[in-house]
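For reference, the chains in residue letters:
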Amino acid sequence: MENILEVQNAEKYYGNKSNLTKAINNISFTVAKGEFLGIMGASGSGKTTLLNCISTIDKVTSGHIIVDGEDITRLKGNKLNKFRREKLGFIFQDFNLLDTLTCYENIAIALTIQKVNVKEIDKKVKLIAEKLEIKDILKKYPYQVSGGQKQRVASARAIITNPKLVLADEPTGALDSKSARQLLENFEYLNKKLEATILMVTHDAFTASYANRILFIKDGKIFNELIKGADTRKQFFEKIIEVQTLLGGDLNNVI
Amino acid sequence: MLFKLSIQNMKKSIKDYVIYFLTLVLGVAIFYMFNSLDSQEAMLQVSQSTRNIIKLMIGILGFVSVFVAVVLGLLIVYANNFLINRRKKEFGIYMTLGMSKRQISKIILLETIFVGIISLAARTYNWCICITIYVYISCKTL
């Protein structure tokens, strides 16, 4: 299958010579089209740095990141804007919706920036809203709806441009378990039915169990890899917990 | 869409703008006061001896007014940065959605024009200058 994302020997250093922190230390992996990849690791392990590098918010110190055949470490200026606009979708932990716009407009703005015509925007927004069960709240403002709904609006915004890659940074971090489950089911739907390639960073084993494949990162290196395969989610969840125990090395935290 | 965005943004950040304006108005007022001291009528109706003293004073004030202009300039830059910084996150969202710097500048420009129109309606001549400076600086900062 075609590779959407290819990370080749990516390295990211912080600080200067005398006090060097290797946030990402020689990581390489690929993500195929239609995959739902989870990245797990303790805080400070470099998972968010990795995501920031892939999302072009941050730059790698060395190595290459290739998204859909384009080396994003070399993009600049308008090309970078174009790349973000057309190929990436972002979902953040704290939603990052625009309070001044209604939910409908929040979703539509991604398309407006691409200069799609109004009728088509309307059609697309309504379609995605129906799929994510947010049709009733489209006219409301973000501060009038619940966290789970906000996150679904945010995921609608991320997916509506039909990006090659959807990047989610702790998407369930600010949600209660019920909304989190609902959101993850939506993710599964986006992944399976709309064939979106999703890359999700999380530290929560339950959230991660919805992914097809999980990379564990420790101290900036890939520590382990788990593939869901034919397992049920529950079996997969147990495996994740096992690896996490190894990773943390603290048995007392796992009941 | 951009149009609506700017109007809504302005409504939301009206409080910030009020602070901004008060700062600027105060600054400009002080500056004006300094520079118009010599053309006040009261100054023209004094005797010969005091006129000489006043002339000297105006000479000194000329230097001081340069200093005031510098301070005022810094104040405008600071007030402007304050406004932009408060909205850094918002601009960040625009950028992750793939908006170009040019488009963001356009939003700020539109907002400033609206604010400018309002100020004009308030018939404050001095504000025009501030706004031109503001637009110039906001385009530069981004």
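Residues numbered from 1 in each chain as written. Chains lettered and ligands numbered in written order. Predicted model: local features only at pLDDT ≥ 70, side-chain atom pairs only at ≥ 80, totals over all residues.

**Here we look at the overall build of chain B**
Scanning chain B for helices and strands turns up 7 helices and 0 strands. When the helices and strands of chain B are read in sequence order from the N terminus, they spell out α-α-α-α-α-α-α. Counting across all 142 residues of chain B, residues that qualify as buried make up 13%. In chain B, once contacts between residues fewer than 6 apart in sequence are set aside, the share between residues at least 24 apart is 82%. (Helix = DSSP H or I, 4+ residues; strand = E, 2+ residues; numbered from the N terminus. Buried ≥ 20, exposed ≤ 12 C-beta atoms within 10 Å, placed from the backbone. Contact = placed C-beta atoms within 7 Å.)

**Describing unusual backbone geometry**
Residues and elements named next belong to chain A. Although it is not a glycine, Phe95 sits at a positive phi angle of roughly 65 degrees. Structurally, Phe95 can be placed in the loop between strand 6 (88-91) and helix 3 (103-113). A count of 21 C-beta atoms within 10 Å places Phe95 in the buried class. The phi dihedral of Asn96 falls on the positive side, at around 55 degrees, and the residue is not glycine. Mapping Asn96 onto the fold places it in the loop between strand 6 and helix 3.

**A short note on the sheet that holds strand 8 (residues 198-202) of chain A**
All names here are of chain A. Taking strand neighbours across the sheet as the criterion, the 6 strands line up as 6-7-8-3-9-10 in an open arrangement whose pairing is mixed. Of all strands in the sheet, those bounded by a partner on one side alone are strand 6 and strand 10 (221-227). On average, adjacent strands in this sheet sit at an angle of 20 degrees to one another, irrespective of strand direction. With 4 bridges connecting them, strand 7 (residues 165-169) and strand 8 associate as parallel partners. Within strand 8, the residue paired with Leu167 across the bridge is Leu199. (Pairing = 2+ DSSP bridges. Axes fitted to C-alpha atoms, helices over the stretch in contact; angles between N-to-C directions.)

**A closer look at the packing of helix 3 of chain A against helix 5 (residues 147-159) of chain A**
In a pair of packed helices, the angle between the axes and the distance between the axes together describe the arrangement. All names here are of chain A. With their axes 7 Å apart at the nearest point, helix 3 and helix 5 run at an angle of 25 degrees to one another. Judged by the inter-axis angle, helix 3 sits roughly parallel to helix 5. Judged by the sense of rotation from one axis to the other, the crossing of helix 3 with helix 5 is right-handed. Contact residues: Cys103, Asn106, Ile107 and Ala110 in helix 3; Val153, Ala156 and Arg157 in helix 5. Looking at side-chain class alone, the contact of helix 3 with helix 5 contains 5 nonpolar, 1 polar and 1 charged residues. (Parallel < 35°, antiparallel > 145°, perpendicular 65-115°, else oblique. Left-handed = near helix turned anticlockwise from the far one by under 90°. Nonpolar A, V, L, I, M, F, W, Y, C, P; charged D, E, K, R; others polar.)

**With respect to the pairing of strand 9 (residues 213-218) of chain A**
All names here are of chain A. Relative to strand 9, strand 3 (residues 36-40) is paired through 4 bridges, and the arrangement is parallel. Looking across to strand 9, one finds that Gly38 is bridged to Ile214. Bridge analysis of strand 9 against strand 10 gives 6 bridges, and the strand direction is antiparallel. Of the residues in strand 10, the one forming a bridge with Phe216 is Asn224. Where strand 9 folds back onto strand 10 in an antiparallel hairpin, the turn is made up of 2 residues, including Asp219, whose phi is positive at roughly 50 degrees.

**Topic: the interface of chain B and chain A**
Tallying the contact residues gives 12 residues for chain B and 14 residues for chain A. Counting residues per element, the ones that place at least two in the side of chain B that touches chain A are helix 1 (2-12) and helix 5 (88-96) of chain B. Top element by residues in the side of chain B that touches chain A is helix 1 of chain B. It accounts for 4 residues. Partitioning the side of chain B that touches chain A into residue classes produces 5 nonpolar, 5 polar and 2 charged.

**Some thoughts on the sheet that holds strand 2 (residues 21-32) of chain A**
Residue and element names in this part refer to chain A. Here we have 4 strands laid out as an open sheet, ordered 2-1-4-5, and antiparallel in their pairing. Here the strands that pair on one side only, and so sit at the sheet edges, are strand 2 and strand 5 (70-71). As paired elements, strand 4 (residues 62-67) and strand 5 share 2 bridges and run antiparallel to each other. Note on strand 5: the bridge partner recorded for Ile66 is Asp71. Contacting strand 1 (3-14), strand 2 and strand 4, helix 1 (residues 47-54) crosses the sheet at an angle of about 60 degrees to strand 2.

**As for the environment of A:Thr21**
Residues and elements named next belong to chain A. With respect to the secondary-structure elements, Thr21 resides in strand 2. For Thr21 and Asp219, which are 198 residues apart along the polypeptide, the C-alpha to C-alpha distance reads 9.9 Å. Beyond its immediate sequence surroundings of up to four residues, Thr21 is in contact with Tyr13, Tyr14 and Gly15.

**A few points about the confidence of the model for chain A**
Chain-level pLDDT for chain A is 86 on average; 96% of the residues reach the 70-or-more range. Mean pLDDT per element in chain A: helix 8 (residues 233-248) of chain A is the minimum at 84, and strand 3 of chain A is the maximum at 91. (pLDDT = per-residue confidence, 0-100.)

**As for the environment of B:Phe34**
All names here are of chain B. Its location among the elements puts Phe34 in helix 2 (residues 14-35). For the pair Phe34 and Val68, spaced 34 residues apart in sequence, the C-alpha to C-alpha distance is 8.7 Å. Setting aside its immediate chain neighbours within four residues, Phe34 contacts Leu61, Val64, Ser65 and Val68.

**Focus: the nonpolar core**
Residues and elements named next belong to chain A. Ranked by size, the top nonpolar core spans 76 residues in total, and within it Ile107, Ala156, Val166, Leu167 and Ile198 carry the most contacts. When residues in this core are grouped by element, the largest group, 8 residues, is from helix 3. With residues up to four places along the chain from it excluded, the contact list for Val166 reads Gly89, Ile91, Ala158, Ile159, Ala196, Thr197 and Ile198. (Core = buried A, V, L, I, M, F, W, Y, C linked by C-beta atoms within 7 Å.)

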